[in-house]
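Spelled out from the first residue to the last, the chains are:
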Amino acid sequence: MAVTHFNPTCSKPRLHSSQLSFLSRTLPIHRHCSFAPLHRTQHARISCSVAPNEVQVPAVTTLDPKGKAECYGVFCLTYDLRAEEETRSWKKLINIAVSGAAGMIANHLLFKLASGEVFGPDQPVALKLLGSERSIQALEGVAMELEDSLFPLLREVSIGIDPYEVFQDAEWALLIGAKPRGPGMERADLLDINGQIYAAQGRALNAVASRNVKVIVVGNPCNTNALICLKNAPNIPAKNFHALTRLDENRAKCQLALKAGVFYDKVSNVTIWGNHSTTQVPDFLNAKIDGLPVKEVVKDHRWLEEEFTEKVQKRGGALIQKWGRSSAASTSVSIVDAIRSLVTPTPEGDWFSSGVYSNGNPYGIAEGIVFSMPCRSKGDGDYELVKDVIFDDYLRQRIKKTEAELLAEKRCVAHLTGEGIAVCDLPGDTMLPGEM
Ligand SMILES: NC(=O)C1=CN([C@@H]2O[C@H](COP(=O)(O)OP(=O)(O)OC[C@H]3O[C@@H](n4cnc5c(N)ncnc54)[C@H](OP(=O)(O)O)[C@@H]3O)[C@@H](O)[C@H]2O)C=CC1
Ligand SMILES: O=C([O-])CC(=O)C(=O)O
């Protein structure tokens, strides 16, 4: 299946044959038109050298043998050169690949990426959307909505089902697609099914993505999926892979703010340690409220150890009980937060949580797993682990439990990481935050 590509900067409309019927249904195509989406509230500027009512289908081109994406829809039309002048101060286009792009989380996230809210108002973006046979129609729908949004910064959209095509030159890969755990499905089965997906995507990233691609794994079980992905992408630095635990951090901040009776911008230095599962450890020992240690502000330490911790660990499940589906909007917000934390300098004295490769960590956590830890960034896409954190017996003990769970998950996917034969001895209480 081909990748289809929307590109407003193409010099001429280029379209894969599979998209012609879609286009002819949705767009009057004006050959030699130039099209410049202006401000969101303005109409697009279109000038044509053919009669205004004449509808012409653009020439069909076949896929480049290297698998280069093809332009699609309105994004095939040539930009007005005058509009190019106006955009001269923009940065170089960045390529962002998103898997599970027809899913619920992506449906929030893509519009944030296209709006400039994530990478900034002078950063044009290309969105490369990965779906499957199952979702290709839905993906076209997503692309149509992106077209209709007239985002000035959205310069290209491509859709496809082959990660080797979609991940070509990706500088960011936001990996959301994963099979949800169904009724009666064993955790080991979920690890295997989703692990296969992440092994394949790791290999594709290794082959065709930018050598410095930053990868954020969202699809669950995200820590172990990220481990599988990075092990299958040996040419990409292991440090570039993240498992999303920022939603957990945000949830922890919200609960601490509620308890202390402050707005959540007063809560800082919150670490989520370990797995994005119900063994995760929201750290109230190092966290601060209004610059003071949480334990000095919230005197009810039993609440911190029991209610607070469990509330954060099981927030996903509590939400599913109310909403009937898992967090999508807040997850997409937390993906934005996670990216912004890597592309903007971390505020002095603060940090953010991310699931990162544990090799070389200063906390004594086992090596060779993807473990959520406190990070700081200079804003260059990279991060350093925070050294000045303290531990007590409670924190150490909890960290040991989540570490043991991740080590068991790792043994269970050894066949996918090139580390031998899988042995699944997962702790019985291993649950995703959304499972209760
Ligand atoms: N880390 C975190 O903080 C959070 C993680 N999550 C996780 O994010 C993932 C996506 O959530 P959400 O967008 O709500 O889910 P959706 O079900 O809406 O979308 C998931 C996408 O995954 C794809 N998928 C890939 N393989 C399969 C498969 N074998 N069976 C079914 N679907 C598959 C589907 O797309 P396609 O057909 O195109 O492949 C689908 O569109 C889930 O794993 C969820 O648990 C959710 C919340 C928080
Ligand atoms: O378990 C799920 O799919 C949802 C999830 O990760 C969360 O809400 O944190």
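What you see is a predicted model, and the numbers here were worked out from it, not measured in a lab.

Asks: How should I be thinking about the UniProt feature "domain: Lactate/malate dehydrogenase N-terminal" (unreviewed entry) in the chain in this particular structure?
Replies: As recorded in UniProt, the sites labelled "domain: Lactate/malate dehydrogenase N-terminal" (unreviewed entry) are residues 95–242. The span residues 95–242 is 41% helix and 19% strand, and its two end C-alpha atoms sit 18 Å from each other.

Asks: What am I meant to see in the packing of helix 3 (residues 104–115) against helix 12 (residues 329–343) here?
Replies: Between two packed helices, both the angle of their axes relative to each other and the distance between the axes serve to describe the pair. Packing of helix 3 against helix 12 brings their axes to within 8 Å, and their N-to-C directions diverge by 40°. By the criterion of interaxial angle, the relationship of helix 3 to helix 12 is oblique. The two elements helix 3 and helix 12 cross, and the hand of that crossing is right-handed. Judged by residue contacts, Ile 105, His 108, Leu 109 and Lys 112 of helix 3 engage Ala 329, Thr 331, Ser 332, Ile 335 and Val 336 from helix 12. For the contact of helix 3 with helix 12, the class distribution of residues is 5 nonpolar, 3 polar and 1 charged.

Asks: Mind showing me how you'd approach the UniProt feature "domain: Lactate/malate dehydrogenase C-terminal" (unreviewed entry) in the chain here?
Replies: Taking the numbering used here, the UniProt-annotated feature "domain: Lactate/malate dehydrogenase C-terminal" (unreviewed entry) corresponds to residues 245–415. As annotated, residues 245–415 comprises 46% helix and 16% strand, and the C-alpha atoms at either end are separated by 25 Å.

Asks: What am I meant to see in the site of ligand 2 here?
Replies: The environment of ligand 2 is made up of Asn 220, Leu 247, Gly 316, Ser 326, Ser 327, Leu 432, Pro 433, Gly 434 and Glu 435. Residues belonging to the shell around ligand 2 are distributed by class as follows: 3 nonpolar, 5 polar and 1 charged.

Asks: In this structure, what is going on with the pairing of strand 8 (residues 214–217)? I would like to understand it.
Replies: On a regular strand, one side chain projects to one face of the sheet and the next to the other, so that they alternate. Neither face of strand 8 is open: one carries Lys 214 and Ile 216, the other Val 215 and Val 217, and all of them are buried. Judged from the 4 bridges that link them, strand 7 (residues 172–175) and strand 8 form a sheet pairing that is parallel. Across the sheet, Leu 174 pairs through a bridge with Ile 216, a residue of strand 8. Once the chain exits strand 7 it traverses helix 6 (residues 187–208) before rejoining the sheet at strand 8, and the crossover so formed is right-handed. Relative to strand 9 (residues 241–243), strand 8 runs parallel, the two being bridged by 3 bridges. For Val 215, the partnering residue across the bridge sits in strand 9 and is Phe 241. Note on the crossover from strand 8 through helix 7 (residues 222–231) to strand 9: the handedness is right-handed.

Asks: What is the right way to read unusual backbone geometry from this model?
Replies: Most peptide bonds adopt trans geometry, and most residues besides glycine take a negative phi value. Residue Pro 221 is reached from Asn 220 by a cis peptide bond, and omega for that bond is -5°. With respect to the secondary-structure elements, Pro 221 resides in the loop between strand 8 and helix 7. The backbone of Asp 169 shows a phi angle near 60°, a positive value even though the residue is not glycine. Note that Asp 169 resides in the loop between helix 5 (163–166) and strand 7. Using a count of 15 C-beta atoms within 10 Å as the deciding quantity, one classes Asp 169 as partly exposed. Despite not being glycine, Asn 269 has its phi angle at roughly 55°, a positive value. Topologically, Asn 269 is positioned in the loop between strand 10 (267–268) and strand 11 (271–273). For Asn 269, a count of 21 C-beta atoms within 10 Å corresponds to the buried category.

Asks: So what exactly am I meant to see when it comes to helix 13 (residues 393–412) here?
Replies: Residues lying three or four places apart along an α-helix face the same way, a consequence of the helix completing one turn every 3.6 residues. Here helix 13 is 20 residues long and its end C-alpha atoms lie 29 Å apart, about the 28 Å a rise of 1.5 Å per residue gives. Along helix 13, the positions that sit buried rather than exposed are Ile 399, Thr 402, Glu 403, Glu 405, Leu 406, Glu 409, Lys 410 and Cys 412. In this structure, the buried residues of helix 13 make contact with helix 6, helix 7, strand 11, strand 12 (281–283) and strand 16 (370–376).

Reading guide: rules and limits
Here the residue numbering is sequential within each chain, running from 1 through the sequence in written order. Throughout, the order in which chains and ligands are written sets their labels, letters from A for the former and numbers from 1 for the latter. In keeping with the predicted nature of the model, local features appear solely for residues at pLDDT of at least 70, side-chain atom pairs appear and are counted solely at 80 or more, and the whole-chain, interface and lining totals rest on all residues. UniProt positions are given in the numbering used here, feature names are shortened, and annotations may be inferred rather than shown by experiment. Strands are runs of DSSP state E lasting at least 2 residues, helices are runs of H or I lasting at least 4, and numbering of each runs from the N terminus. Inter-axis angles, ranging from 0 to 180 degrees, are taken between N-to-C directions of lines fitted to C-alpha atoms, where helices are fitted over the stretch in contact. These descriptions rest on fixed angle ranges, namely under 35 degrees for roughly parallel, over 145 for roughly antiparallel, 65 to 115 for roughly perpendicular, and the rest for oblique. Throughout, a crossing is termed right-handed when the near helix is turned clockwise from the far one, and left-handed when it is turned anticlockwise from it by less than a right angle. By the convention adopted here, residues make contact when the C-beta atoms placed from their backbones lie within 7 Å. As a working rule, the residues Ala, Val, Leu, Ile, Met, Phe, Trp, Tyr, Cys and Pro are called nonpolar, Asp, Glu, Lys and Arg charged, and the rest polar, with Gly in that last group. Being near a molecule or strand means, for a residue, that its backbone-placed C-beta atom lies within 6 Å of it. Here the C-beta atoms are placed from the backbone, and a residue counts as buried if at least 20 other C-beta atoms lie within 10 Å of its own, exposed if 12 or fewer do, and partly exposed otherwise. For two strands to count as paired, DSSP must find a minimum of two bridges between them. Convention used here: a crossover is right-handed provided that the path from the first strand, over the helix, to the second strand proceeds clockwise when the strands point away from the viewer. The span expected for a helix works out to 1.5 Å for each residue beyond the first.

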